[in-house]
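# A look at the structure
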Amino acid sequence: MRTKSYKLQGRMKPRTKKAEFMLSDEEHERITKIPVLQDNNYHMLHDEYFMRQALQEAHTAFEKNEIPVGAVVVVNQRIIARAHNLTELLNDVTAHAEMQAITAAANILGGKYLTDCTLYVTVEPCPMCAGALRWAQLTRLVYGATDEKRGYSRISPHLLHPKTAVTPGVMAEECADLMRLFFARFR
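Notes on the structure follow. Throughout this description, residue numbers start from 1 for each chain and increase along the sequence as written. The model is predicted, so local features are restricted to residues of pLDDT at least 70 and side-chain atom pairs to those at 80 or more, both for listing and for counting; the totals for chains, interfaces and linings are taken over all residues. Water and hydrogen atoms play no part in the side-chain values, which are based on all heavy atoms of the structure.

### Thoughts on the side chain of T87
To keep things clear, this is the line we draw: Secondary structure elements are defined from DSSP: runs of H or I of at least 4 residues count as helices, runs of E of at least 2 residues count as strands, and each element is numbered from the N terminus. For every residue, the accessible area obtained with a 1.4 Å probe (protein chains only) is divided by the maximum for its type, and the residue is called buried under 20%, exposed over 50%, and partly exposed between those limits. Between two residues, a contact is recorded if the distance between any of their heavy atoms is within 4.5 Å.
Its location among the elements puts T87 in helix α3 (residues 87-90). By relative accessible area, which is 16% here, T87 ends up buried. With residues near it in sequence (within four places) discarded, T87 still touches E66, D92, V93, A95 and H96.

This is how it looks when you write it as structure tokens:
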């Protein structure tokens, strides 16, 4: 059965013909109780704030000897999903931060589409992740460091959904520094 998302009082809710696929009242409560940022500084709600959150996830990956890529999914100025690379821990080449974040966000929203969502990721997504973001119909992608060797924009720049807006280079130097530091340990 195919689901569609629609906006209801600032929340996402899947619309289907069968009620069992609707978010329960308890799930709606959980989503609406996600803390809203209460800082009066408007810039805190901008890209840099959320990229710093993604960088925290990347640092977590670094501490676990994973390639330090972190991601957060934001809807209505609220973080609904956080993730970092888990490829070594799970022994799974597909366990990239973006894939983990897509899955977590879809579970929170109760549907497979991430419309009205923004993904903040510390490094440009690879083609696999960009393809998954296309299927998820992500509204906006913000990334830090460009991946000159394996980034989707170098290999296949049309992988993202045509309506996905892309903002590259947010805190690019900080994101790239963490990657350089990680790989310097192996040289």
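From this point, the discussion proceeds with the structure in view.
### Considering the nonpolar core
Operational definition: Side-chain atoms within 4.5 Å link the members of a nonpolar core, which is a set of buried Ala, Val, Leu, Ile, Met, Phe, Trp, Tyr and Cys residues.
Core analysis: the biggest nonpolar cluster contains 28 residues, and V73, I80, L114, C117, L119 and L141 have the highest contact counts within it. By residue number, the principal contributor to this core is helix α4 (residues 97-109), which donates six residues. Counting 19 residues, the second-largest nonpolar core is a separate cluster that includes A145, V170, M171 and A176.

### A closer look at the side chain of E98
For clarity, the threshold we go by: Under the counting rule used here, the positive set is Lys and Arg, the negative set is Asp and Glu, and His together with the chain ends is not counted. Here a salt bridge means any side-chain nitrogen of Lys or Arg lying within 4 Å of a carboxyl oxygen belonging to Asp or Glu.
In this fold, E98 is placed in helix α4. R150 provides the closest opposite charge to the buried, unpaired E98, separated from it by 12 Å. Beyond its immediate sequence surroundings of up to four residues, E98 is in contact with A71, L119, V121, V123, E124, P125, C126 and C129.

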